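# Per-entry structural report
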Amino acid sequence: MDIDAELYNKLLEKDLEWGPELGTPLIEKAQFLLKDYKETEQTEIVNYIESVRKEISNILYDEYEKAYKNSEYKKIDFKEFIKNKYSWINNKNIQHFINQAGYYAWHEGLLPKGKNEYIFDKIFGSIFWSILHIFKFIYTYRWIIIAIFIIIYVFVMIRAIMMQAS
C-alpha cells in the first residue's frame, strides 16, 4: 500500500479527535477525504489507520503503566518512538497521541498527582465534570435552546401586549 502522508495524517487526525463525532466510525467521518478511492481501497486505508491508532495508543498507555509500576523503569521518548515506527505521522498527530495517552494514564491514576490535585478532585471533581457535561449539552444543542428562548420571549411579549391592550 502506497502511503499518502497528507491523506493519512488527515484521517489519523479524524480518528483521534474528540467531540461531537466521537464514536462515529472513521469510514463515515472520512468519506469526503476518500471519495476518489474505490470502496475496497477505502476500507483498507481506514483499517490501516485504525490499527495504527490502536497500536500506538496501547503502546503509549502500556509505557505509562510500566513507569507507574516500576520507578526504575526508563520511559521511552514517545516522539522518537512514533517517528521511527511510522515516519509518515506528523508532529501534530504525534502530540495528539501523547496528550491522549497522558490523559488516559492520568485518569486511570497512572500519573502521580500532587497533594492539591487530590483535594481538588475530591471537592470539585464531580462538580467540574457535571458542569462540563452541561456546557457540552448546551453547546451541542445551542440552536435548539436559542430557538426555545426566542419562542418563549415572543409568547411573553405577545401576552404583555395583550394585557396592556385590555
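Residues numbered from 1 in each chain as written. Predicted model: local features only at pLDDT ≥ 70, side-chain atom pairs only at ≥ 80, totals over all residues. Heavy atoms only, no water.

### Describing the overall build of the protein
Across its full length, the protein carries seven helices and zero strands. Written out in order from the N terminus, the α and β elements of the protein read α-α-α-α-α-α-α. Evaluated residue by residue, the protein yields a buried proportion of 23% over its 166 residues. In the protein, the proportion of contacts linking residues at least 24 apart, taken out of those at least 6 apart, comes to 57%. Total accessible area on the protein stands at roughly 12,300 Å², and carbon and sulfur atoms take up 61% of it. (Helix = DSSP H or I, 4+ residues; strand = E, 2+ residues; numbered from the N terminus. Buried < 20%, exposed > 50% of the residue type's maximum accessible area, 1.4 Å probe, protein only. Contact = heavy atoms within 4.5 Å. Areas by Shrake-Rupley, 256 points an atom, 1.4 Å probe, with all protein chains shown as cover.)

### Observations regarding the nonpolar core
Most often, soluble globular proteins have nonpolar side chains that are buried together. Membership of the largest hydrophobic core comes to 27 residues, with the highest contact counts inside it found for Leu-11, Ile-49, Ile-56, Leu-60, Trp-88, Ile-89 and Phe-97. Excluding anything up to four places from it in sequence, Leu-11 contacts Leu-26, Ala-30, Leu-33, Leu-34, Ile-45 and Ile-49. (Core = buried A, V, L, I, M, F, W, Y, C linked by side-chain atoms within 4.5 Å.)

### Examining the confidence of the model for the protein
On average, residues of the protein score 81 in pLDDT, and 84% of them are at 70 or above. Looking over the protein, one finds the lowest element-wise mean pLDDT in helix H6 (residues 115-140), namely 63, and the highest in helix H1 (residues 5-16), namely 91. A low-confidence stretch, residues 115-120 (pLDDT under 50), is modelled with three contacts involving residues beyond four sequence positions or located in other chains. (pLDDT = per-residue confidence, 0-100.)

### So, the pattern of salt bridges
On inspection of all chains with the given rule, the structure shows five salt bridges. Between Glu-17 and Lys-14 there is a salt bridge, with its nearest N and O atoms 3.9 Å apart. Using a relative accessible area of 19% as the deciding quantity, one classes Lys-14 as buried. (Salt bridge = Lys/Arg side-chain N within 4 Å of Asp/Glu carboxyl O.)

### Brief notes about the packing of H1 against helix H5 (residues 91-107)
Contact pair H1 / H5: the axes reach a minimum separation of 10 Å and the direction vectors enclose 20°. In this view, H1 runs roughly parallel relative to H5, as classed from their interaxial angle. Of the two elements, H1 crosses H5, and the hand of that crossing is left-handed. Between H1 and H5, the residues in contact are Asn-9, Leu-12, Glu-13 and Leu-16 and Lys-92, Asn-93, His-96, Phe-97 and Gln-100, respectively. When grouped by side-chain class, the residues that make up the contact of H1 with H5 number three nonpolar, four polar and two charged. (Axes fitted to C-alpha atoms, helices over the stretch in contact; angles between N-to-C directions. Parallel < 35°, antiparallel > 145°, perpendicular 65-115°, else oblique. Left-handed = near helix turned anticlockwise from the far one by under 90°. Nonpolar A, V, L, I, M, F, W, Y, C, P; charged D, E, K, R; others polar.)

### Some points on the packing of aromatic side chains
Within the structure shown, the criterion is met by four aromatic pairs. A ring pair is formed by Tyr-86 and Trp-88, whose centres lie 6.4 Å apart and whose planes are at 70°; its orientation type is edge-to-face. Across the pair, exposure class does not vary: Tyr-86 and Trp-88 are buried alike. Aromatic rings pair up to connect Tyr-8, Tyr-48, Tyr-86 and Trp-88 into one cluster. (Phe/Tyr/Trp six-rings, centres within 6.5 Å; stacked < 30°, edge-to-face > 60°.)

### Re the environment of Phe-97
Locating Phe-97 in the fold gives a position in helix H5. Residues Phe-97 and Ile-56, spaced 41 residues apart in sequence, show a C-alpha to C-alpha distance of 7.6 Å. Ignoring sequence-local partners within four residues, the contact set of Phe-97 consists of Leu-12, Leu-16, Val-52, Arg-53, Ile-56, Ser-57, Leu-60, Ile-82 and Ile-89.

### Notes on the side chain of Lys-29
Within the secondary structure, Lys-29 is located in helix H2 (residues 26-29). No salt bridge is formed by the buried Lys-29; the nearest opposite charge belongs to Glu-17, separated by 4.3 Å. Each residue touching Lys-29, except ones within four places of it in the same chain, is listed here: Lys-14, Asp-15, Glu-17, Glu-21 and Thr-24. (Lys, Arg positive; Asp, Glu negative; His and termini not counted.)

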